[in-house]
Amino acid sequence: MELRSRVPDGPIDGKWDKHKFEMKLVNPANKRKYTVIVVGSGLAGGAAAATMSELGYNVKCFCFQDSPRRAHSIAAQGGINAAKNYRNDGDSVYRLFYDTVKGGDFRSREANVHRLAQVSLQIIDQCVAQGVPFAREYGGLLANRSFGGAQVSRTFYARGQTGQQLLLGAYQALEKEVARGGVTMYPRTEMLDLVVIDGRARGIVVRDMVTGRIESHAADAVVLGTGGYGNVFYLSTNAKGSNCTAIWRAHKRGAAFANPCYTQIHPTCIPVSGDYQSKLTLMSESLRNDGRVWVPKRGGDHRPPDQIPEADRDYYLERRYPSFGNLAPRDIASRAAKAVCDEGRGVGPGGLGVYLDFADAIRRLGAGTIRERYGNLFEMYQRITDENPYQVPMRIYPAVHYTMGGLWVDYNLMSTIPGLHVIGEANFSDHGANRLGASALMQGLADGYFIIPLTIGDYLASARPAPVDAGHAEFKRVEGEVVERTRRLLDIRGKRTVDSFHRELGQLMWDKCGMARNAAGLGEALRRIPELREEFWRNVNVPGSDGELNQALEKAGRVADFLELGQLICLDALHREESCGGHFREEHQTEDGEARRDDANFAYVAAWEYTGDLAAPRLNREPLEFEYVHLAQRSYK
């Protein structure tokens, strides 16, 4: 497998403009001749579908929700980054580029990250024009706040519901194109396989989730904007429906999977409260602007927080990272929380929690100001915990949140399968080993509005794919494989539920490949996951039939994919003998417990190729070169 990044030459601040000029174009009359499939309708998928339709392409957009408005992008809370420098505090496109490369612990492709920083300027203007109600200063200018990993205020926000408001903007653009006839929307429809003809992606096989009907859709190019795979851990901040099926099935058709072990643990989540839970709830990173994180200085100190005096409190992030304090990057803040809890200084049931305290901010700014900034988040916390965060500190603990790994893509966001493009969290391209807060929305909208509509034209103008319809023999063959896989799941009639397998896999992944990993634990996971997968295909119970709405069947297919992906995640984590960002190998850390990279041996993208043997995928390497942000030990102290 050849990994051609297609990064243009020349100075980094001119690469994207140069590339836009050099790419081939499709004239407006010819755009009407091409059909593009977009799988996913969140910020990346919805923006891409709307924009390509506006350009003149025929677009088919698929989502498994009943409406694009229910895409998981709606759950993002804190904000979206852009280097507008409205605060005049030293921000710039270059600083956003620098912070993102450094925040990703030098494991991302420089050219992609700089393009993201450039495009961020356009995103805000686009969203304001759509009517997104960003917070504003008293004089009417757009407001900014800080986020982890930055010393400037570049995060635009709409209280604690930024993702929802941005998604509504993209949804309006999408629905306008649906009404015009440029986009055909397929809700309640799940992609189950990719169809490759003559080495090019030419369509997908889907299941109507209401009727169970299996059918094929042909196109000239396919775009996957299906989000991340954090639910491989079972308990995560992701929506329960979020899954890896689209990208995993594409991987098994020939798309390389890059850096799967780069999974992000978010430090600001409501702690686990019991085995009955099916997901975890995120408290936005924006809360760390005004909330102070602390634990008691002594282990076993179970006094109520208001009875613990300042002298007995350890504001450990402010102590360990004085330059960034409570706004240290997510991977560092998460490991620091784990460390104090491991020392026996955690708070709450089981000792797996730390305090996020707003008392100082309320005294300084007043409860009204805090309510304006975070009111819906405080209300959500109180509804879940029955504790009033205006009166007592929140309790938080790290949880699985985002995945930096995904399908490998080149500079044009095309995978190793020609014609298959991957956008947003489904690809690996921008965040390296750790995503900075408020950058997920930025990447999703950059890919959807401003990058893929241009780069897909270059592919179509260059490849000029021949006409293909869903009656092609390859579509029928793949349909048959999908039907057979479905029947096999239904015919097992075992004794264990799908959820019981998912819980067991998730606990194994969290214990052995979570915030900290080591060779022994990863080796154990790689022994146990194949055993669990074998039992799944022998003993799972999937009630119902394939000719009706059947959520157990949907989950079974997704968990089968998680079992396979979990094995690749652990294999990738075992092979990467270093610590970087969200990948923390206990054998590779500095004296003060920070991640220790091995740039001589691991400064590359690990792109795994499916060989037919889950235990023996082929490793391909894309070397990473750092010409503008020089390799250095990451420090936020």
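Since we're looking at a predicted model, the values are computed, not measured.

1. Let's talk about the overall build of the protein chain
Then, in step 1: Counting secondary structure elements, the protein chain contains 17 helices and 19 strands.
Then, in step 2: On the principal axes, the C-alpha backbone points of the protein chain span a range of 75 × 60 × 50 Å.
Then, in step 3: A burial count over the protein chain gives 61% of its 637 residues as buried.
Then, in step 4: Put simply, of all contacts in the protein chain between residues at least 6 apart along the chain, 74% involve residues at least 24 apart.
Then, in step 5: Carbon and sulfur atoms provide 48% of the accessible area of the protein chain, an area that totals close to 23,600 Å².
Then, in step 6: Between the averaged position of the 80 positive side-chain charges in the protein chain and that of its 78 negative side-chain charges there is a distance of 2 Å.

2. Looking at the sheet that holds strand β16 (residues 406-407)
Then, in step 1: In space, the four strands of this open sheet follow the order β16-β10-β18-β19, with antiparallel pairing throughout. Each of the sheet's edge strands pairs with one partner strand only, and the pair in question is β16 and β19 (618-623).
Then, in step 2: Across six bridges, the pairing between strand β18 (residues 604-609) and β19 is antiparallel. Note on β19: the bridge partner recorded for Tyr 604 is Pro 623.
Then, in step 3: Contacts between helix α16 (residues 551-575) and the sheet are confined to β10 (257-258), β18 and β19, with β18 contributing the most and set at about 145 degrees to the helix.

3. Digging into the side chain of Asp 301
Then, in step 1: Here Asp 301 shows up in the loop between β12 (292-296) and β13 (313-314).
Then, in step 2: With relative accessibility at 9%, the residue Asp 301 sits in the buried group.
Then, in step 3: Among the polar contacts listed, one links the side chain of Asp 301 to the side chain of Arg 303, at a separation of 2.9 Å.
Then, in step 4: If sequence neighbours within four positions are ignored, Asp 301 has contacts with Pro 296 and Ile 308.

4. Let's talk about the sheet that holds strand β2 (residues 58-62)
Then, in step 1: Pairing in this open sheet of five strands is parallel, and the strands run β5-β2-β1-β9-β17 from one edge to the other. Of all strands in the sheet, those bounded by a partner on one side alone are β5 (183-186) and β17 (420-422). The average undirected angle you get between the axes of adjacent strands in this sheet is 20 degrees.
Then, in step 2: With four bridges joining them, strand β1 (residues 35-39) and strand β9 (residues 221-224) adopt parallel strand pairing. In the strand pairing of β9, Ile 37 is matched with Val 222.
Then, in step 3: The strands that helix α12 (residues 440-463) touches are β1, β9 and β17; relative to β9, the one it contacts most, it runs at about 150 degrees.

5. Details of helix α9 (residues 330-342)
Then, in step 1: The end-to-end C-alpha distance of α9 is 18 Å, a good match for the 18 Å that 13 residues give at a rise of 1.5 Å each.
Then, in step 2: Judged by how many residues are buried, α9 sits mostly within the fold: 10 of 13 residues are covered.
Then, in step 3: Among all positions in α9, only Arg 330, Asp 331, Ile 332, Ala 333, Ser 334, Arg 335, Ala 336, Ala 337, Val 340 and Cys 341 are buried.
Then, in step 4: The secondary structure elements touched by the buried residues of α9 are β11 (263-269), β12, α8 (316-320), β14 (354-357) and β15 (394-403).

6. Topic: the packing of aromatic side chains
Then, in step 1: Under the defined criterion, the tally for this structure stands at 19 aromatic pairs.
Then, in step 2: When the ring of Phe 62 is compared with that of Tyr 186, the centres are 4.5 Å apart and the planes differ by 10 degrees; the resulting orientation is stacked. Taken together, the positions of Phe 62 in strand β2 and Tyr 186 in strand β5 put the pair 124 residues apart, joining distant regions of the chain. Here Phe 62 matches Tyr 186 in class, with each residue buried.
Then, in step 3: With a centroid separation of 4.7 Å and an interplanar angle of 45 degrees, the aromatic rings of Trp 294 and Tyr 355 are classed as tilted.

7. Thoughts on the nonpolar core
Then, in step 1: In this structure, Ile 80, Leu 224 and Phe 536 are the most contacted members of the largest nonpolar core, which totals 174 residues.
Then, in step 2: Here this core takes 12 residues from α12, the largest share from any one element.
Then, in step 3: Residues in contact with Leu 224, not counting those within four places in the same chain, are Val 39, Met 191, Ala 246, Ile 247, Ala 250, Leu 407, Leu 420, His 421, Val 422, Ile 423 and Ala 426.

8. Some thoughts on the pairing of β12
Then, in step 1: Counting buried positions over the five residues of β12 gives four, a clear majority of the element.
Then, in step 2: Two elements, β12 and β13, share two bridges in a ladder whose sense is antiparallel. Bridging across to β13, Pro 296 finds its partner in Arg 313.

9. What about α12?
Then, in step 1: Where α12 bends most, the angle comes to about 55 degrees, and this point is Ile 451, followed within four residues by the proline Pro 453.
Then, in step 2: Of all 24 residues making up α12, 20 are buried, and the element is well covered by its neighbours.
Then, in step 3: Just downstream of α12 lies Arg 464, where phi reads positive at about 45 degrees.

10. So, the side chain of Asn 231
Then, in step 1: Structurally, Asn 231 can be placed in the loop between β9 and α7 (245-251).
Then, in step 2: Of the polar contacts made by the side chain of Asn 231, one reaches the backbone oxygen of Ser 242; its length is 3.0 Å.
Then, in step 3: Every residue in contact with Asn 231, bar those within four places of it in the chain, is listed here: Ser 236, Asn 238, Ala 239, Lys 240, Ser 242, His 502 and Phe 562.

11. Comments concerning unusual backbone geometry
Then, in step 1: Phi at Arg 159 takes a positive value of approximately 50 degrees, unusual for a residue other than glycine.
Then, in step 2: Among the structural elements, Arg 159 can be located in the loop between β4 (155-156) and α6 (162-180).
Then, in step 3: We classify Arg 159 as partly exposed; its relative accessible area is 38%.
Then, in step 4: If you check the backbone angles, Tyr 234 has positive phi at about 65 degrees while not being a glycine.
Then, in step 5: Mapping Tyr 234 onto the fold places it in the loop between β9 and α7.

12. A few points about the pattern of salt bridges
Then, in step 1: Taken as a whole and judged by the stated rule, the model has 62 salt bridges.
Then, in step 2: As a salt-bridge pair, Glu 554 and Arg 558 come within 3.9 Å of each other at their nearest N and O atoms. In this pair, Glu 554 and Arg 558 both sit in helix α16, four residues apart, roughly one turn of the helix. No difference in accessibility class separates Glu 554 from Arg 558, as the two residues are buried.
Then, in step 3: Here the residues in one salt-bridge network are Asp 105, Arg 107, Asp 331, Arg 335, Arg 576, Glu 578, Arg 597, Asp 599 and Arg 634, joined through shared partners.

Cut-off values and rules
Residues numbered from 1 in each chain as written. Predicted model: local features only at pLDDT ≥ 70, side-chain atom pairs only at ≥ 80, totals over all residues. Heavy atoms only, no water. Helix = DSSP H or I, 4+ residues; strand = E, 2+ residues; numbered from the N terminus. Buried < 20%, exposed > 50% of the residue type's maximum accessible area, 1.4 Å probe, protein only. Contact = heavy atoms within 4.5 Å. Areas by Shrake-Rupley, 256 points an atom, 1.4 Å probe, with all protein chains shown as cover. Lys, Arg positive; Asp, Glu negative; His and termini not counted. Charge placed at Lys NZ, Arg CZ, Asp CG, Glu CD. Pairing = 2+ DSSP bridges. Axes fitted to C-alpha atoms, helices over the stretch in contact; angles between N-to-C directions. Polar contact = N/O pair within 3.5 Å; in protein donor to acceptor, adjacent residues only side chain to side chain. Expected span 1.5 Å × (residues − 1). Phe/Tyr/Trp six-rings, centres within 6.5 Å; stacked < 30°, edge-to-face > 60°. Core = buried A, V, L, I, M, F, W, Y, C linked by side-chain atoms within 4.5 Å. Bend = angle between axes of the 7 residues up to and from the residue. Salt bridge = Lys/Arg side-chain N within 4 Å of Asp/Glu carboxyl O.

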